[in-house]
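Examining the three-dimensional arrangement
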Amino acid sequence: MYDTRIDLSISIREKVVPMLQARLADSVDLFTQIKQAHWNVKGPHFIALHDLFDKIAEVVERQGDMLAERITALGARADGTARVAATQSTLTEFPLDTKDGLVFAAAVADKLSLFGKALRVSIDLAAKCRDAATADLFTEISRAIDKQLWLVDAHLQAEH
């Protein structure tokens, strides 16, 4: 930990930073998975999904930046490289063997859902550690991710 004048004890920060780092790894992984879908989507829903995936990736990237900045504000080092994310992410592997837009949409929805679930667990843990600001950050990010999940789910809920 680096020196900081933040008024959270080192013991609180040492409990909260690993949660933030875990969600940062997830967000970096999620960003790259969504870009994979953005780059490779094909089919009759191409342009809508191509644009949607790009917008979602931008949202996820902003959320990752907020996580990294909170880590450094707490006096720790944010580790957000692709290699770190690959070893630390809790997300499952993204399907590489498809190009179908709705298969990609379902995979993106699954990953957003997993990330949202992990964020909600982190909200509770940060609150138990008595770090309201970090709990609030996790809450803010979960709201943004839930909205993106809703946008993707809407594509999957259409009647065929």
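These notes cover the structure that comes with them.

Cut-offs used in this document
Residues numbered from 1 in each chain as written. Predicted model: local features only at pLDDT ≥ 70, side-chain atom pairs only at ≥ 80, totals over all residues. Heavy atoms only, no water. Core = buried A, V, L, I, M, F, W, Y, C linked by side-chain atoms within 4.5 Å. Buried < 20%, exposed > 50% of the residue type's maximum accessible area, 1.4 Å probe, protein only. Helix = DSSP H or I, 4+ residues; strand = E, 2+ residues; numbered from the N terminus. Contact = heavy atoms within 4.5 Å. Patch = residues over 30% accessible without salt bridge, like charges linked within 9 Å, V, L, I, M, F, W, Y side chains within 5 Å. Areas by Shrake-Rupley, 256 points an atom, 1.4 Å probe, with all protein chains shown as cover. Salt bridge = Lys/Arg side-chain N within 4 Å of Asp/Glu carboxyl O. Lys, Arg positive; Asp, Glu negative; His and termini not counted. Charge placed at Lys NZ, Arg CZ, Asp CG, Glu CD. Expected span 1.5 Å × (residues − 1). 1 Å grid on protein atoms, 1.4 Å probe; cavity = no way out; pocket = protein on both sides within 12 Å on 5 of 7 lines; lining within 4 Å. Points joined across faces, edges and corners; volume = space filled by probe spheres on them. Nonpolar A, V, L, I, M, F, W, Y, C, P; charged D, E, K, R; others polar.

**What about the nonpolar core?**
Core analysis: the biggest nonpolar cluster contains 44 residues, and Leu-20, Ile-34, Phe-53, Val-108, Leu-112, Phe-138 and Val-152 have the highest contact counts within it. Only α1 (10-40), α2 (46-73), α4 (101-128) and α5 (132-156) provide two or more residues apiece to this core. In this structure Phe-138 touches Met-19, Leu-20, Arg-23, Leu-67, Leu-119, Ser-122, Ile-123 and Ala-126, once residues within four positions along its chain are discounted.

**Some details on a negative patch on the surface**
A cluster of acidic residues, Glu-58, Glu-61, Asp-65 and Glu-69, forms a negative patch on the protein surface. Take Glu-58: it is sitting in helix α2. By relative accessible area, Glu-58 is classed as partly exposed at 40%.

**Some thoughts on the environment of Ala-154**
Considering the arrangement of structural elements, one finds Ala-154 in helix α5. For the pair Ala-154 and Ala-105, spaced 49 residues apart in the sequence, the C-alpha separation amounts to 9.8 Å.

**Concerning the pattern of salt bridges**
Under the definition given, this model contains five salt bridges. Close ionic contact of Arg-77 with Asp-79 constitutes a salt bridge, the shortest N to O distance being 2.6 Å.

**Some points on α4**
If you check α4, its first and last C-alpha atoms are 41 Å apart, about what 28 residues at 1.5 Å a residue would give, namely 40 Å. Directly after α4, the chain includes Arg-130, whose backbone phi takes a positive value near 70 degrees.

**Examining the layout of surface pockets**
What the largest pocket holds in volume is close to 160 Å³. For the lining of the largest pocket, the secondary structure elements donating two or more residues are α1 and α3 (82-88). If one sorts the elements of the lining of the largest pocket by residue count, α1 sits on top with four residues. Class assignment for the residues of the lining of the largest pocket results in five nonpolar, five polar and two charged.

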